[in-house]
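Reading the structure
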Amino acid sequence: MSTGTATAASSWFGPGIDWPAAPASGSPSAKPRLDGGICLRHYSPSTPTRRPPHGSLRWRARVGDGSRSTPCTGVPPAALKGLDPRVWSNVVRSYDLVGFDPRGVGHSAPVSCADPQEFAKGPKPDPVPDSAADQQRLRDDAQRYAQGCQKRSGALLPYLTTPNTARDVDVIRAALGEAKLNYLGVSYGTYLGAVYGTLFPDHVRRMVLDSVVDPSPAQIWYGMHQAQIPGFERRFADWTAWVARRDADYHLGDTQAKVRDRGQKLLATARQHPIGGTMGPSELIDSFQKVVYFDETWAPKAEAWSAYEAGHPEKLAKDAATNLSDTKGNISKENAAAAYTAVNCADAKWPTDWNRWDRDASRLNAKDPFMAWFSTRQNLPCATWPSAQHTPIDVKGSKQLPPVLLVQNDGDAATPYAGAAEFHRRFKDSGLLTVKDSGAHSVTTARNPCVNDQADTYLLHGTLSSQNMTSHRPPAPPPGTPTPTAMSGPDRTR
């Protein structure tokens, strides 16, 4: 632990947080609320500023009758609000749940890279370059975005890293008056948990990591971007095959090849005539990428596409609709994109040679075209990042760290299974629960009795039934089931 972190954490351990006096939503004059938007003021150990920054916390009190338990933290406030009570009913009887906005996100010194109103407008340029001029435009747009980050948030950029957020977590732990932390991390939150467990192993009581990021320094983050693309293609193929088997319902083709061909025609149409005026190929791919994350989106997305083909584009165009009157929503969306970029670019050193980006993207696109260039476009600002890029921490277990529970779908595309296996290897006492034949992203957000029981047993009693456990994909949720809330912190694709 650094001296600065120790000082910041110890300064909070005694007084803790005066919850009733804490301002809501970052506003000093707002009436405090214990059900959301709690604001914590603290000095960040790695941010040299005269004024303590604001950090947004959400406290969800336990529902049992006994004394207050040790809090469980890790998830952002929006995700905490959306936790399925049917999944977490046993845990919430014993734990207070505390969510927080990581630095750079929401109310925690939000980062910005573009004017939110301009960022909301579509259609955006086609992510797939067809010419040298297209490639130059792609590079110019990425560099312009990176320069916008520097112009609008340059003072923050050097400090928006996962290790610094892990240090913030330790300050929160101390402010809550807890000697040890219970942590639930999903997707990006698993990497944050891995870094926290490496930096502060003796401050961890229990830790559940769901949909595990490969923590190898070589994979953070360019390597992971490369590793995701084949999985995205496979999951998209799973969905188009599913649609083809239901041609009587959707009329999009009775074979996978026919569905994919119709999808290519849809992309071509969006290039020439953006759907609803705002959905070009970039927005269309962004809309369809939801199916690679959550099975719950398969039917609604097929229905929207089918309606479009029948002359009713409203449902399909809704994902890309521009609402300039929704200034609050536009600010939130721009911040999410900016935070994703800022943390990813600062966490590790990225290639600066365009020829490498072009070569890698072209190679991936030749075999797995669904997301190859789209994902490249998202991450390309890191090639000309104007602020410091750091060396990732070599995360690993230690004797001080208790066993960690890892939960992973074996077909997850966003966080491929190899990442969970690598984490399991690095944290030798960890337990890995593999869900077979499941490609969705996130496990603990859904009802699966086997997974839910293992998580309950671990969080309530601290025990793992084995270091290698298996479960199977649960039955499909009924129609109309809402999409799980992503609990991934500053990350829009992982």
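Here we summarise the structure given alongside this text. (Residues numbered from 1 in each chain as written. Predicted model: local features only at pLDDT ≥ 70, side-chain atom pairs only at ≥ 80, totals over all residues. Heavy atoms only, no water.)

Overview of the pairing of strand β8 (residues 431-436)
Counting buried positions along β8 gives five out of six residues, so the element sits mostly inside the fold. Bridging between strand β7 (residues 405-409) and β8 involves five bridges; their strand directions are parallel. Within the sheet, the bridge partner assigned to Val407 lies in β8 and is Leu433. One crossover worth recording links β7 to the parallel β8 by way of helix α18 (residues 417-426), and it is right-handed. Relative to strand β9 (residues 468-472), β8 is paired through five bridges, and the arrangement is parallel. Pairing of Lys436 across the sheet is with His472, part of β9. Handedness of the crossover joining β8 and β9 through helix α19 (residues 449-461) is recorded here as left-handed. (Buried < 20%, exposed > 50% of the residue type's maximum accessible area, 1.4 Å probe, protein only. Helix = DSSP H or I, 4+ residues; strand = E, 2+ residues; numbered from the N terminus. Pairing = 2+ DSSP bridges. Right-handed = clockwise from strand over helix to strand, strands pointing away.)

Structural notes on the side chain of Asn330
Take Asn330: it is sitting in helix α15 (residues 327-347). With relative accessibility at 5%, the residue Asn330 sits in the buried group. Within polar-contact distance, the side chain of Asn330 engages the backbone oxygen of Asn323 at 3.1 Å. With residues up to four places along the chain from it excluded, the contact list for Asn330 reads Pro116, Gln117, Ala120, Asn323 and Leu324. (Polar contact = N/O pair within 3.5 Å; in protein donor to acceptor, adjacent residues only side chain to side chain. Contact = heavy atoms within 4.5 Å.)

So, the nonpolar core
Among the nonpolar cores identified, the biggest contains 58 residues, and Tyr196, Leu209 and Trp221 are the most heavily contacted of them. Ignoring any residue separated from it by four or fewer positions in sequence, one finds Leu209 in contact with Tyr183, Gly185, Gly189, Thr190, Gly193, Val404, Leu405, Leu406, Val407 and Phe423. Among the nonpolar cores identified, the runner-up in size contains 37 residues, and Ala244, Ala270, Ala304 and Ala413 belong to it. (Core = buried A, V, L, I, M, F, W, Y, C linked by side-chain atoms within 4.5 Å.)

A word on the state of the cysteines
Counted according to the given criterion, the structure contains two disulfides. In this model, Cys113 is linked to Cys149 through a disulfide, with the two sulfur atoms separated by 2.0 Å. What sets the handedness of the Cys113 and Cys149 disulfide is the S-S torsion sign, and at about 105 degrees it is right-handed. Linking Cys113 in the loop between β4 (97-100) and α4 (116-119) with Cys149 in helix α5 (residues 132-153), this pair joins segments that are 36 residues apart in sequence. Each member of the pair Cys113 and Cys149 is classed as buried. Covalent S-S linkage joins Cys345 and Cys382, the inter-sulfur distance amounting to 1.9 Å. Between Cys345 and Cys382, the S-S torsion sits near -85 degrees, and that sign places the bridge as left-handed. Taken as a pair, Cys345 in helix α15 and Cys382 in the loop between α17 (372-379) and β7 lie far apart in primary sequence, 37 residues in all. Accessibility expressed as a relative area gives 1% for Cys382, which makes it buried. (Disulfide = S-S within 2.5 Å.)

Focus: the environment of Asp353
Tracing the sequence through the fold places Asp353 in the loop between α15 and α16 (354-367). A relative accessible area of 42% places Asp353 in the partly exposed class. Separated by 31 residues in sequence, Asp353 and Thr384 place their C-alpha atoms 9.5 Å apart. Among the polar contacts listed, one links the side chain of Asp353 to the backbone nitrogen of Asn355, at a separation of 3.0 Å.

So, to be careful, I would describe these as geometric facts and stop short of saying anything about function.
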